[in-house]
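# Analysis of the macromolecular model
Okay, here's what each chain looks like letter by letter:
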Amino acid sequence: MANILLTQQCVRSCPYCFAKKHMADSEPDDILTWDNLIYIADLMEHSGEMGVSLLGGEPTLHPNFVDFVIYLLERKFHVNVFTSGIMGEKMFSEAERVLSGINPDRLSFVCNVNNPDKSPFSELENVRRFLKTFGHLTTPGFNIYKPDFNFDFIFQYINEFGMRRHIRLGLAHPIPGKHNSYVPIDKMKQMAEKLIAYLPVMERLKIKGGFDCGFPLCIFSEEQIGRLFKHNSGRLSFGCGPAIDIGPDMSVWGCFPLSNTHKKSIYEFDSMNDIRNYYRDIHHKVRIEVAGIFDACDDCIYREEQLCMGGCLAHSYNHFINEANIRFKEIYQ
Amino acid sequence: MRDHILVCQFDEDLVRKFHNQRLVIILSDFNQVQQAHKLVNDCQNNLHCLVIDHAGSLASVPFHEKWRGIPLALFVSEIGAFKEVMGKLPLLRDLNIRIFLSTDNKENCTGLHILASLGIDCGVSFGEKEIDWEAMNDLMTYSIYGKVNHASIEPFQFIARNYNPARLTDLSSVYFDNPYTYIHIDKNENIALTANDLKEGKFILKGIENVHKIFEDEKYQEALNAWQKFLLKENGCAYCQAWRICIGKFSESADKNPGCRQFFTDLMEAADHFISVQQKNKRKEVWQP
């Protein structure tokens, strides 16, 4: 599923944000136009991809956000919106009136929630208002950016607002050459322990936890893998991209942490598959140079069999930042 | 030689005078749609299209279930509130309608793009303000080369379907204003070759009974060949290769806004492409029992 950026502005400033670099380099008033949206929708439909994610920045900052959603629904796309849940009064009323009654099979939200203890009151009020109306369409998302984290508050959100009983667990990744908060490689096992410690309460509350990309398999012990396997009914993923992101200026790149590298124009490709293959090929080349985030990734049988991709590629890129240009040239572009 | 299609304002007395005639009726009110349709049929005429020029937006049009099957050409100022239009989309898709948006509003190229992508047949209505030929070219490119199924946008589809490098292709037909196919008549039975001529009182005949004699009229033949005068002028249009499909329609603005040359040249190329694709996809036809 490709990600379409409607805006390049955000209402929050999360310490782990891996879109930070991209946002800083973009024009804040650069928003997706109708004509570009139609072009992307056509390209996706032509490629047989009928699912689309809308994100930003904060996608609801786009003045045509609601219109874009109903347009895409009318074109038979499944629309998934990544939002902070924080939106202005006018946009919220419009979204409530038009979108709250849409069939959950057609429209869904992922609301990335931060720990309320560390969020301003006004932000919390906004998130609660959003969840009160859209909770039934919303999966909570939580980004882990330090080994010691706490998402107890999400259980309360799920029960209070009738959210989907699934937590989308993201692992914050480094932006090569830049500073953002993420779990250091040597603390990943500690983070995994903490995560596993949540399983009993999640099972009791019948809440599933699904991994976003970039979790390495070997940070979990054999026993932990077994517990995760049972918890997620056998659906476990330790993959890494390329997720295809499309900017409002029709630039395209293979996932946010790598937005600084290999950016292309969408017009250079004939299908989503072409784009995906292009970035898959680059990722593959990078992984030949640096197999994964651990040294052991080099000859790991699970990586070879693609059960695990060796963690987020952004970690691998960090290897090349300060070295002389001795590898294949595209890696430094 | 086939009979002309007559274009007239909706006037009950005038319509009753026609018999077995193909008609384009211009309405002044949405309430006249069913009435005009019924009257044309009752008088044993053939309704080619009802035309409504609405000063408001598409969102403000009171579409009606009973309009199903009635051929309509609706000229509106803009799309208007998108959510309102989306609410009417299922009915709009069911109607035999083409929506025209004017080039006078810069947003309308995008409006047409949206409508066509949602399966609503639509068309460009060339206004009086300067035309953004680049935006027009983008729209034409989408209309002809777009890979995903979408509804037609006129006059691009008309040109693509009818283009013949060996003769002129007049896009005025899309606007019921090509004297080869359409002639205009008022309630006093004055006959003119174009809507503008009728408005300015430049009549060539009078009386319904004389309609079929128009082919013999010298003025008619002269009007059909009026385009030749352009070629005698020493201006840009005479030397423009896209002449065959624009026929000097934008000659007055061409000096100030010369983008029309590139646009119509690209449109001809697109028409060539359209024809070649059609020929490639042509199925072998076997005799039928």
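Computed from a predicted model, the values in this text were never measured in an experiment. (Residues numbered from 1 in each chain as written. Chains lettered and ligands numbered in written order. Predicted model: local features only at pLDDT ≥ 70, side-chain atom pairs only at ≥ 80, totals over all residues. Heavy atoms only, no water.)

### Description of a nonpolar patch on the surface
All names here are of chain A. Stated formally: Only residues whose relative accessible area exceeds 30% and that take part in no salt bridge are eligible for patches, with like-charged residues grouped when within 9 Å of each other and nonpolar side chains (Val, Leu, Ile, Met, Phe, Trp, Tyr) grouped when within 5 Å. Per-residue and other accessible areas were derived by the Shrake-Rupley procedure at a 1.4 Å probe size, with only the shown protein chains allowed to occlude residues. Salt bridges are counted wherever a side-chain nitrogen of Lys or Arg sits within 4 Å of a carboxyl oxygen of Asp or Glu. In DSSP terms, a helix is any run of H or I states spanning at least four residues, a strand is any run of E spanning at least two, and both are numbered starting from the N terminus. Only protein chains enter the accessibility calculation, which uses a 1.4 Å probe; a residue whose area is less than 20% of its type maximum is buried, one above 50% is exposed, and one in between is partly exposed.
Side chains of Ile301, Tyr302 and Leu307 sit close together on the surface and give an oily, nonpolar patch of about 300 Å² of accessible area. As for its position among the elements, Tyr302 is in helix 11 (residues 301-304). Using a relative accessible area of 39% as the deciding quantity, one classes Tyr302 as partly exposed.

### Re unusual backbone geometry
Cis geometry is found at the peptide bond from A:Gly56 to A:Gly57, where omega equals 25°. Structurally, A:Gly57 can be placed in the loop between strand 2 (51-55) and helix 3 (65-74). Cis geometry is adopted by the peptide bond preceding B:Pro155, which originates at B:Glu154 and carries an omega value of 10°. Relative to the elements of secondary structure, B:Pro155 occurs in the loop between strand 7 (153-154) and helix 6 (156-162). Even without a glycine there, the phi angle at A:Lys76 is positive, about 75°. Secondary-structure assignment places A:Lys76 in the loop between helix 3 and strand 3 (78-83).

### Some details on the packing of helix 3 of chain A against helix 4 (residues 89-99) of chain A
The relative placement of two packed helices comes down to the angle between their axes together with the axis-to-axis distance. Residue and element names in this part refer to chain A. Inclusion rule: Between N-to-C directions, angles span 0 to 180 degrees; the directions come from axes that are lines fitted to C-alpha atoms, helices contributing only their stretch in contact. Small angles under 35 degrees read as roughly parallel and large ones over 145 as roughly antiparallel, with 65 to 115 read as roughly perpendicular and the rest as oblique. Crossing handedness follows the turn of the near helix against the far one: under a right angle anticlockwise gives a left-handed crossing, and clockwise gives a right-handed one. For this analysis, residues touch if any pair of their heavy atoms sits within 4.5 Å. All residues other than Ala, Val, Leu, Ile, Met, Phe, Trp, Tyr, Cys, Pro, Asp, Glu, Lys and Arg, Gly among them, are scored as polar; the first ten of these are nonpolar and the last four charged.
Between helix 3 and helix 4, whose axes approach to 9 Å, the crossing angle comes to 20°. Judged by the angle between their axes, helix 3 and helix 4 are roughly parallel. For the element pair helix 3 and helix 4, the recorded crossing hand is right-handed. For the pair formed by helix 3 and helix 4, the contact residues are Phe65, Val66, Asp67, Val69 and Ile70 on the first element and Met91, Glu94, Ala95, Val98 and Leu99 on the second. Counted by class, the contact of helix 3 with helix 4 contains eight nonpolar, no polar and two charged residues.

### Describing the environment of A:Gly209
Within the fold, A:Gly209 resides in strand 7 (residues 208-211). Between the C-alpha atom of A:Gly209 and that of A:Met23, which follows or precedes it by 186 residues, the distance is 29 Å.

### A look at the packing of aromatic side chains
So the rule is basically this: For Phe, Tyr and Trp, where Trp contributes only its six-membered ring, two rings pair if their centres lie within 6.5 Å, and the inter-plane angle classes them as stacked under 30 degrees, edge-to-face over 60, or tilted in between. Whether a charge sits over a ring depends on NZ of Lys or CZ of Arg being within 6 Å of the ring centre and within 35 degrees of the ring normal.
In total, this model carries 39 aromatic pairs over all chains according to the counting rule given. Seen from their ring centres, A:Trp34 and A:Tyr71 are 5.3 Å apart, and the 85° between their planes marks the pair as edge-to-face. Of this pair, A:Trp34 sits in helix 2 (residues 34-46) while A:Tyr71 sits in helix 3, and the two are 37 residues apart along the sequence. Pair check on accessibility: A:Trp34 and A:Tyr71 agree, each one buried. A ring pair is formed by B:Phe63 and B:Trp67, whose centres lie 5.8 Å apart and whose planes are at 70°; its orientation type is edge-to-face. Pair check on accessibility: B:Phe63 and B:Trp67 agree, each one buried. An aromatic cluster of at least three residues, connected via ring pairs, comprises B:Phe75, B:Phe100, B:Phe126, B:Trp133, B:Phe156, B:Tyr175, B:Phe250, B:Phe263 and B:Phe264. A cation sits over an aromatic face here: A:Arg129 above A:Phe92, 4.2 Å from the ring centre. Above the ring of A:Trp253, the side-chain terminus of A:Lys263 is found at 4.9 Å from the ring centroid.

### Examining the sheet that holds strand 7 of chain B
All names here are of chain B. To keep it simple, the criterion reads: For two strands to be treated as a pair, DSSP must find no fewer than two bridges joining them.
Read across the open sheet, the ten strands follow the order 7-6-5-4-3-2-1-8-9-10; overall the sheet is mixed. Looking along the sheet, the strands with just one partner apiece sit at the ends: strand 7 and strand 10 (205-206). Where strand 9 (residues 190-192) and strand 10 come together, two bridges link them in antiparallel fashion. The residue bridging Ile191 from the neighbouring strand is Leu205, located in strand 10. Sitting on the sheet, helix 4 (residues 108-117) is in contact with strand 5 (97-102), strand 6 (122-125) and strand 7, with an inclination near 160° to strand 5.

### Overview of the pairing of strand 5 (residues 138-144) of chain A
Residue and element names in this part refer to chain A. Heads up, the condition is: Classification remark: right-handed applies to a crossover when, strands pointing away from the viewer, the course from the first strand over the helix to the second runs clockwise.
Along strand 5, seven of the seven residues are buried, which leaves the element largely enclosed by surrounding structure. As paired elements, strand 4 (residues 107-112) and strand 5 share four bridges and run parallel to each other. Bridge pairing in strand 5 links Cys111 to Pro140. What joins strand 4 to strand 5 is helix 5 (residues 121-134), and the crossover it makes is right-handed. Here strand 5 runs beside strand 6 (residues 166-171); their pairing, made up of four bridges, is parallel. Paired with Phe142 across the two strands is Leu169, which belongs to strand 6. What joins strand 5 to strand 6 is helix 6 (residues 152-161), and the crossover it makes is right-handed.

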